[in-house]
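Working through the structure, step by step
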Amino acid sequence: MSEVLPQLDELLFSSVEGVLVESVEVTDTVVRVEARTTARRAACPECGYWSGRIHGSYLRFPRDLPTAGKLVVVSLRVRRFVCAEDSCTRKTFAEQVPGLTRRFGRRTERLRSTLVSVGLALAGRAGALMTDAFKIPVSRNTLLRLIASLPDPVTATPRVVGVDEYAQRKGRIYGTVLVDVETRRPIDLLPDREAGTLAAWLAERSDIEIICRDRAPFFAEGATRGAPQALQVADRWHLWHNLGEAAEKCVYRHRGCLRPTSAQPEEPQEEAEPTASSPWPTGHRFAERTRAKHATIHALLGAGHSKRPVAGSSA
Ligand SMILES: [Zn+2]
C-alpha cells in the first residue's frame, strides 16, 4: 500500500498543496480517505500573522466528490495554531487547506463548486433530484443556500440606469431596483425607496449619463442630488401608464357630452338594470360599473392593499 499512497496523493489531491494521504479504506458504499496536513505554518484569519506554534489537532470529515459510484469522505487531521500577535483577539486558530476546506465547511471545495454548478443550472428542486443521481444528495434548500452565498458578480458602472420600485411582503414594503438599461440586467437592490438612499448610490457612480425613472418625487429628488450630471428621462412603461390614466380621466370627465344615438349597437343585456332616468343605454351601465370597479380596485391597490383582499372586496 505504501507505494500506492503517493499515487493516491496525486489522484485525489493533485490540485491541493499540503495534504498527505495516509490510508484509504473502501467499503461497499463508502471510500474513506485518511489524510493530514503538512504545511509548517498557517496564517491567522483575523490578523494575518503567520504562526508555526501548534496548539493541538483534531479530525474533520469533509464530504468529497464520489468516486466509482461510492461516497467519498475525507478524514482530515488539521491543526490549531497559536496566534502570537498581541493585538489580535484570537488566541488560536484552525488551519484551512486552500482549495480543499473552508471554515465551518462540511464539504470539500470541489464538491461545493460542483453543487453550485448544479444549483445554477437547475435551481432547487430539479437540482436536488440530480444530486441524488450523482450520489451527492443534498436538499433543495441546501442548493439554494449555496447559490445565495455566492459573492455578487462585479458589474461595470452603467451608462444608462433604470430606477423603479419593487415590493416585498405583499406590497407593504417597497425598495428600489436598479437596472442597466443597455444590458437589461438588474444590477442592485436598495432596501427602501428614499431619495437619500438612491442619491448615495448614484453619487458613487459618476459615469452615469442617463437615468430612466418613473415620476415619483423621491426618485426625482434622489436622481437630482446623486447624479446632477445625468439626463433624467421618463421610462416608456410609465409614460404609457400615465397616458392611459390621463385618457381615462378625460373621457370620464366628458361623459356628459356623450349622447345616445338613434342607431345604438346591440349591447349585452344580461347585466343591465332598469335605466328609466339615465341617458345611457342599458348596456352602457354595465361598462360604467366595470369602470367604477376598475377605479376602486386601483385605488385600493394604490393605498397599499394586496391583491387577494382587494379581489375579495370587489367581487
Ligand atoms: Zn491573529
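Our next topic: a nonpolar patch on the surface. Together, L122, M130 and F134 line one region of the surface with nonpolar side chains, adding up to about 240 Å² of accessible area. Summarising the element assignment, F134 is placed in the loop between α2 (109-133) and α3 (140-148).

Those protein atoms acting as donors to the zinc ion are C44 (SG), C47 (SG), C83 (SG) and C88 (SG), and they sit at 2.3 Å. Around the zinc ion, the four donor atoms sit at angles spanning 99 to 116 degrees, and that spread fits a shape best called tetrahedral. Positions of the donor residues of the zinc ion along the chain correspond to the pattern C-x2-C-x35-C-x4-C. Here C83 lies in the loop between β7 (70-82) and β8 (92-94) and C44 lies in the loop between β3 (42-43) and β4 (50-51), a separation of 39 residues in the sequence. A relative accessible area of 3% places C44 in the buried class.

For the rest of this paragraph, the subject is the pairing of strand β2 (residues 30-37). Alternating positions in β2 separate cleanly, V31, V33, A35 and T37 being buried on one face and V30, R32, E34 and R36 remaining unburied on the opposite face. Where strand β1 (residues 19-26) and β2 come together, seven bridges link them in antiparallel fashion. Bridge pairing in β2 links V21 to A35. Following β1, the chain reverses through three residues before pairing antiparallel with β2. In this sheet, β7 lies alongside β2 in parallel orientation, the contact comprising seven bridges. If you follow R32 over to β7, its bridge partner there is V73.

Next up on the list: the packing of helix α4 (residues 195-203) against helix α5 (residues 217-226). Helices that pack against each other are described as a pair by the angle of their axes relative to one another and the distance between those axes. As a packed pair, α4 and α5 sit with axes 7 Å apart at the nearest point and diverge in direction by 35 degrees. Classified by chirality, the crossing of α5 by α4 is right-handed. Across from A195, G196, L198, A199, L202 and A203 in α4, the residues of α5 making contact are F218, F219, E221, G222, A223, R225 and G226. Class assignment for the residues of the contact of α4 with α5 results in eight nonpolar, three polar and two charged.

Cut-offs and rules
- Residues numbered from 1 in each chain as written.
- Predicted model: local features only at pLDDT ≥ 70, side-chain atom pairs only at ≥ 80, totals over all residues.
- Heavy atoms only, no water.
- Patch = residues over 30% accessible without salt bridge, like charges linked within 9 Å, V, L, I, M, F, W, Y side chains within 5 Å.
- Areas by Shrake-Rupley, 256 points an atom, 1.4 Å probe, with all protein chains shown as cover.
- Salt bridge = Lys/Arg side-chain N within 4 Å of Asp/Glu carboxyl O.
- Helix = DSSP H or I, 4+ residues; strand = E, 2+ residues; numbered from the N terminus.
- Donors = N, O, S within 2.8 Å, 3.2 Å for Na, K, Ca; no water.
- Tetrahedral: all angles 85-135°; square planar, octahedral: opposite > 155°, others 65-115°.
- Buried < 20%, exposed > 50% of the residue type's maximum accessible area, 1.4 Å probe, protein only.
- Pairing = 2+ DSSP bridges.
- Axes fitted to C-alpha atoms, helices over the stretch in contact; angles between N-to-C directions.
- Left-handed = near helix turned anticlockwise from the far one by under 90°.
- Contact = heavy atoms within 4.5 Å.
- Nonpolar A, V, L, I, M, F, W, Y, C, P; charged D, E, K, R; others polar.

By themselves, these are just geometric observations and shouldn't be taken as functional.
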